[in-house]
Amino acid sequence: MDTTTRAKIPSLHHQTEINWDNLDKTKLYVVGAGMFSGVTVLLYPVSVIKTRMQVATGEAMRRDALATFRNILKVDGVPGLYRGFGTVITGAIPARIIFLTALETTKAASLKLVEPFKLSEPARAAFANGLGGLLASLCSQAVFVPIDVVSQKLMVQGYSGHVRYKGGVDVVQKIIKADGIRGLYRGFGLSVMTYSPSSAVWWASYGSSQRIIWSALDHWNDKESSPSQLKIVGVQATGGIIAGAVTSFVTTPIDTVKTRLQVNQNKPKAMEVVRKLIAEDGWKGFYRGLGPRFFSSSAWGTSMIVCYEYLKRLCAKVEEV
């Protein structure tokens with residue numbers, strides 16, 4: 001009898017639907033921290049440009065994304081595109097650990113919850129992924145919001161009349177001195193209203209679109225064959241682009257209000273920010289920075305999901321026969 005242990009050839013389901021219980025968590029967190037940090041280095045300048053556009057006043061309001069980019073390089077050079085980066089990269093690691101743990105455990109529980117309802121695969125995926133994204137965002141906001149507040153103040157320092165700082169620690173000290181710890185959570189309500197629905201919409205769009213694409217390619221019901229890695233990456237990347245487009249259109253208005261609220265030294269109320277935006281630029285003012293936000297959401301989302309799905313395959317515990 002041949003008692004040699006062999007690894008199974010993974011089917012589509014085994015490569016795209018890896019259960020949380022079948023992952024090597026230590027490897028996932030360690031390798032993932034390095035991988036996501038690399039993606040952040042590449043895409044961080046887009047966040048700086050988006051933030052500058054959202055808080056612009058006067059003549060700066062007329063600049064598009066390219067003009068804003070050129071202005072940053074002219075005034076501050078390449079370092080200007082990475083203002084606040086140290087704060088973001090330091091806080092992002094624990095925040096992502098919280099996010100990914102909450103996301104995957106919620107997705108697994110949600111899929112079991114909807115089994116009796118006999119929903120279609122895209123509907124099941126939309127529900128499980130959307131609920132997972134929503135709860136993951138809620139759990140991680142306690143870390144993300146202070147990072148957001150500090151990094152955004154560094155991004156816009158000296159721009160359109162905003163205060164200059166010596167670094168992230170200086171920002172934190174001045175915020176606590178002026179407003180206490182709650183100052184670090186300025187805009188927390190709007191952040192929850194922005195990022196939690198945004199996360200829910202993104203993950204729901206991604207989960208359902210991925211299944212629709214696989215079904216269109218006649219792969220989803222094939223439990224045995226295994227598509228090429230290139231095809232898997234292509235489908236996941238396409239799902240990320242679709243999710244980014246849907247999410248950026250739905251959530252840009254509230255993101256613009258949140259950003260202005262967090263960086264404004266005069267501590268306005270949310271409705272004051274809304275009225276001022278309408279007075280300055282009409283309703284289209286709520287979509288300032290839509291281009292960079294769409295690019296950032298699509299590029300970040302696509303890069304993140306391709307890396308994350310690859311990471312899950314890398315960290316999956318090998319099934320044996």
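In this text, all values refer to a predicted model and were calculated from it rather than measured experimentally. (Residues numbered from 1 in each chain as written. Predicted model: local features only at pLDDT ≥ 70, side-chain atom pairs only at ≥ 80, totals over all residues. Heavy atoms only, no water.)

1. Some thoughts on the packing of aromatic side chains
Tallying each qualifying case throughout the model produces ten aromatic pairs. Note on Tyr44 and Phe85: the rings are 5.3 Å apart at their centroids and 80 degrees apart in plane angle, and the pair reads as edge-to-face. Remark: Phe85 occurs in helix H4 (residues 85-113) and Tyr44 occurs in helix H2 (residues 25-55); sequence separation between them is 41 residues. Each member of the pair, Tyr44 as well as Phe85, carries the same accessibility label: buried. Here Tyr185 and Phe188 contribute two aromatic rings whose centre-to-centre distance is 5.9 Å and whose plane-to-plane angle is 65 degrees, an arrangement assigned as edge-to-face. Looking at Phe188, the relative accessible area reads 33%, which means it is partly exposed. One aromatic cluster is present, built from ring pairs that chain together Tyr44, Tyr82 and Phe85. (Phe/Tyr/Trp six-rings, centres within 6.5 Å; stacked < 30°, edge-to-face > 60°. Helix = DSSP H or I, 4+ residues; strand = E, 2+ residues; numbered from the N terminus. Buried < 20%, exposed > 50% of the residue type's maximum accessible area, 1.4 Å probe, protein only.)

2. A few points about the UniProt feature "repeat: Solcar" (unreviewed entry) in the protein
The positions UniProt marks with the feature "repeat: Solcar" (unreviewed entry) are residues 25-109, 124-212 and 231-314. Between the end C-alpha atoms of residues 25-109 there is a gap of 18 Å, over a span that is 80% helix and 0% strand. (UniProt positions renumbered as here; feature names shortened; annotations may be inferred.)

3. Description of the UniProt feature "transmembrane region" (unreviewed entry) in the protein
In the numbering used here, UniProt assigns the feature "transmembrane region" (unreviewed entry) to residues 28-46. Annotated as 100% helix and 0% strand, the span residues 28-46 places its first and last C-alpha atoms 27 Å apart.

4. A closer look at a nonpolar patch on the surface
Side chains of Val30, Val31, Tyr310 and Leu314 sit close together on the surface and give an oily, nonpolar patch of about 330 Å² of accessible area. Every element with two or more residues in the nonpolar patch is listed here: H2 and helix H10 (290-315). You can see Val30 is positioned in helix H2. Its relative accessible area of 58% is what places Val30 among the exposed residues. (Patch = residues over 30% accessible without salt bridge, like charges linked within 9 Å, V, L, I, M, F, W, Y side chains within 5 Å. Areas by Shrake-Rupley, 256 points an atom, 1.4 Å probe, with all protein chains shown as cover. Salt bridge = Lys/Arg side-chain N within 4 Å of Asp/Glu carboxyl O.)

5. Quick word on H4
Since the α-helix packs 3.6 residues into each turn, any two residues three or four apart lie on the same face. The end-to-end C-alpha distance of H4, which contains 29 residues, comes to 40 Å, matching closely the 42 Å that a straight helix rising 1.5 Å per residue would cover. At Ala92, H4 is bent by approximately 40 degrees, the largest bend along its length, and proline Pro94 sits one to four residues beyond. (Expected span 1.5 Å × (residues − 1). Bend = angle between axes of the 7 residues up to and from the residue.)

6. Concerning the pattern of salt bridges
Inspection of the entire model under this criterion finds nine salt bridges. The partner of Lys107 in a salt bridge is Glu104, and the shortest N-O contact between them spans 3.7 Å. Within this pair, Lys107 and its partner Glu104 are both found in helix H4, separated by three residues, close to a single helical turn. Close ionic contact of Glu104 with Lys312 constitutes a salt bridge, the shortest N to O distance being 3.2 Å. Taken together, the residues Glu104 in helix H4 and Lys312 in helix H10 connect sequence positions 208 residues apart. Accessibility expressed as a relative area gives 3% for Glu104, which makes it buried. Each of the salt bridges in this network shares a partner with another, and the network as a whole consists of Arg52, Asp76 and Arg83.

7. Digging into the nonpolar core
Among soluble globular proteins, nonpolar side chains are generally buried collectively. Among the nonpolar cores identified, the biggest contains 25 residues, and Leu28, Trp202, Trp203, Met304, Ile305 and Tyr308 are the most heavily contacted of them. Looking at this core, the elements with two or more residues in it are H2, H4, helix H7 (188-216), helix H8 (229-263) and H10. Sort the elements by how many residues they give to this core and H10 lands first, with eight residues. When near neighbours in sequence (up to four residues on either side) are disregarded, Met304 contacts Phe36, Trp202 and Trp203. In this structure, Ile49, Val88, Val156 and Val263 belong to the second largest nonpolar core, which totals 14 residues. (Core = buried A, V, L, I, M, F, W, Y, C linked by side-chain atoms within 4.5 Å. Contact = heavy atoms within 4.5 Å.)

8. A word on the state of the cysteines
In total, this model carries zero disulfides according to the counting rule given. In this model Cys315 remains outside any disulfide bridge; the closest cysteine sulfur is found in Cys307, 12 Å from its own. (Disulfide = S-S within 2.5 Å.)

9. Points about the side chain of Ser248
Relative to the elements of secondary structure, Ser248 occurs in helix H8. Of note is the side chain of Ser248, whose polar atom sits 2.9 Å from the backbone oxygen of Gly244. At 3.1 Å, the side chain of Ser248 and the backbone oxygen of Ala245 are in polar contact. Apart from residues no more than four positions distant in its own chain, Ser248 is found in contact with Leu290, Arg293, Phe294 and Ser297. (Polar contact = N/O pair within 3.5 Å; in protein donor to acceptor, adjacent residues only side chain to side chain.)

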